[in-house]
Amino acid sequence: MRKINFILFLLILSTGCSVIRNGRNRNYGVSDAIVSEKLFESIRKQNITSNSFFIQKAEFLISSKEGAEKLLGSIKFESPDKYLISIKSKTGIEAARIFISDDTILINDRINRKQYYGSTQYLKSKYGITTSVLPIIFGDYIGNNLSDNKAICSDGKLDIIGTVDGIKIKYVIDCKKGKIILAIPENRLNEEGIEIQYCDFFKNGNVLSPGKIEIKDFQRETTVGIKIQKIESQWSGKIEFVPGKGYELIRLL
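Draft legend 1. Layout of the overall build of the protein chain. Counting its regular elements, the protein chain contains three helices and 13 strands. Long-range contacts, defined here as pairs at least 24 residues apart, represent 54% of the contacts in the protein chain between residues at least 6 apart. Roughly 12,800 Å² of accessible area belongs to the protein chain as shown, and the carbon and sulfur atoms make up 47% of that amount.

Draft legend 2. Highlighting the state of the cysteines. Applying the stated criterion across every chain, the model contains one disulfide. The residue that forms a disulfide with Cys 153 is Cys 175, at a sulfur-sulfur distance of 2.0 Å. The S-S bond linking Cys 153 to Cys 175 shows a torsion near -105°; that makes this disulfide left-handed. Separated by 22 residues along the polypeptide, Cys 153 in the loop between helix 3 (121–127) and strand 7 (157–164) and Cys 175 in the loop between strand 8 (167–174) and strand 9 (179–185) bring together distant segments of the chain. Look at Cys 175 and you get buried, because its relative accessible area is 17%.

Draft legend 3. Broad picture of the environment of Phe 241. With respect to the helices and strands, the residue Phe 241 is situated in the loop between strand 12 (222–233) and strand 13 (248–251). Residue Phe 241 is classed as buried on the basis of its relative accessible area of 13%. Distance in space between the C-alpha atoms of Phe 241 and Leu 84 is 7.6 Å, their sequence separation being 157 residues. Filtering out sequence-adjacent residues up to four positions away, Phe 241 remains in contact with Leu 84, Arg 97, Phe 99, Leu 106, Ile 107, Asn 108 and Gln 115.

Draft legend 4. Molecular detail of the side chain of Asp 174. Relative to the helices and strands, Asp 174 is located in strand 8. Within the local environment of Asp 174, its side chain forms a polar contact with the backbone nitrogen of Lys 176, the two atoms lying 2.9 Å apart. Apart from residues lying up to four places away in sequence, Asp 174 is in contact with Leu 39, Gly 156, Lys 179 and Ile 181.

Draft legend 5. Here's a closer look at the pattern of salt bridges. Overall, the coordinates contain eight salt bridges when judged by the stated rule. Here Glu 94 makes a salt bridge to Arg 97, at a shortest N to O gap of 3.0 Å. With a relative accessible area of 28%, Arg 97 lands in the partly exposed category. Asp 200 is the partner of Lys 212 in a salt bridge, and the nearest nitrogen-oxygen pair spans 3.6 Å. Taken as a pair, Lys 212 in strand 11 (residues 207–217) and Asp 200 in strand 10 (residues 194–204) lie far apart in primary sequence, 12 residues in all.

Draft legend 6. View of the pairing of strand 5 (residues 105–109). Along strand 5, five of the five residues are buried, which leaves the element largely enclosed by surrounding structure. Side chains Ile 105, Ile 107 and Asp 109 project from strand 5 onto one buried face, and the interleaved Leu 106 and Asn 108 project onto a second face that is buried too. Judged from the five bridges that link them, strand 4 (residues 94–100) and strand 5 form a sheet pairing that is antiparallel. Bridge pairing links Ile 100 to Ile 105 in strand 5. Counted along the chain from strand 4 to the antiparallel partner strand 5, the turn is four residues long. Strand direction decides the pairing type here: strand 5 and strand 6 (residues 114–118), joined by five bridges, are antiparallel. Residue pairing in the sheet places Asp 109 in a bridge with Lys 114 of strand 6.

So, how was this worked out
- Each chain has its residues counted from 1, following the order in which its sequence is written.
- The predicted origin of the model limits local features to residues at a pLDDT of at least 70 and limits the giving and counting of side-chain atom pairs to 80 or more, whereas totals for whole chains, interfaces and linings rest on all residues.
- The side-chain numbers reported here are obtained from all heavy atoms of the structure, hydrogens and water having been left aside.
- Counting from the N terminus, the helices are the DSSP runs of H or I reaching at least four residues and the strands are the DSSP runs of E reaching at least two.
- Contact between two residues is taken to exist if any of their heavy atoms lie within 4.5 Å; hydrogens are not considered.
- Accessible surface is estimated by sampling points in the Shrake-Rupley manner with a 1.4 Å probe; for residues, cover comes only from the protein chains shown.
- Cysteine sulfur atoms that pair up within 2.5 Å are treated as a disulfide.
- Buried means the residue's accessible area, taken with a 1.4 Å probe over protein chains only, is under 20% of the maximum for its type, while exposed means over 50%, and partly exposed covers the values in between.
- For the purposes of these results, a polar contact is taken to be a pair of N or O atoms within 3.5 Å, where, inside protein, one atom must be able to donate a hydrogen and its partner to accept one; residues adjacent in sequence count only when each atom of the pair is a side-chain atom.
- Salt-bridge detection follows one rule: a side-chain nitrogen of Lys or Arg within 4 Å of a carboxyl oxygen of Asp or Glu.
- Two strands are counted as paired when DSSP detects at least two bridges linking them.

Take it as geometry only, folks, not as evidence of what the structure does.
Have a look at this one:
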């Protein structure tokens, strides 16, 4: 059940927020219009979820007050909105398989032979988020039109805010890479909660992808590290979820 809770943890990225330290003390002497046009175009083009992809191998490290646990996994994304996540033990035995689309959540708990099922309304009612937020896990910019942000780079970084489905997300962007290095979903209660950091970027076709993703949940005192070891962009496969045979069915309420 701990592994199932880990997956749900990844889905509730928007339950917390923190404050970005601006630290602006100089600019590069380039006009807002020129900076915005070039940088925002780069950000748009480098969203990994603009196309289907297959993360064939990833390592997950979950650290909390209870200790640390390392897991292996893979993630398939079929554009525009289907995800299939496989979580395995260090020995390679699959513990859970999760399917998410714009209207459905299905989870096979292979260890306990249980299948959880429900609509994505479960995320909306329980956590106040929608599946539109999920690309943020992979370091993608989601939100309103980037041109709405009128700012300039300072110390090589740009702070902007995007909004999707009523959720405000604060971003810090590396101006040279044209990639997000920090994302902070906002909480309606304005409490310190979750921040996501991205680093060790590598070239994947024409797109820079984060090699390491660190999700810090301050309220639960939990950190999830994701290390992407192998990824196939422009993936042309199809996602299929096979329900566990004879599994106990449990509805997500």
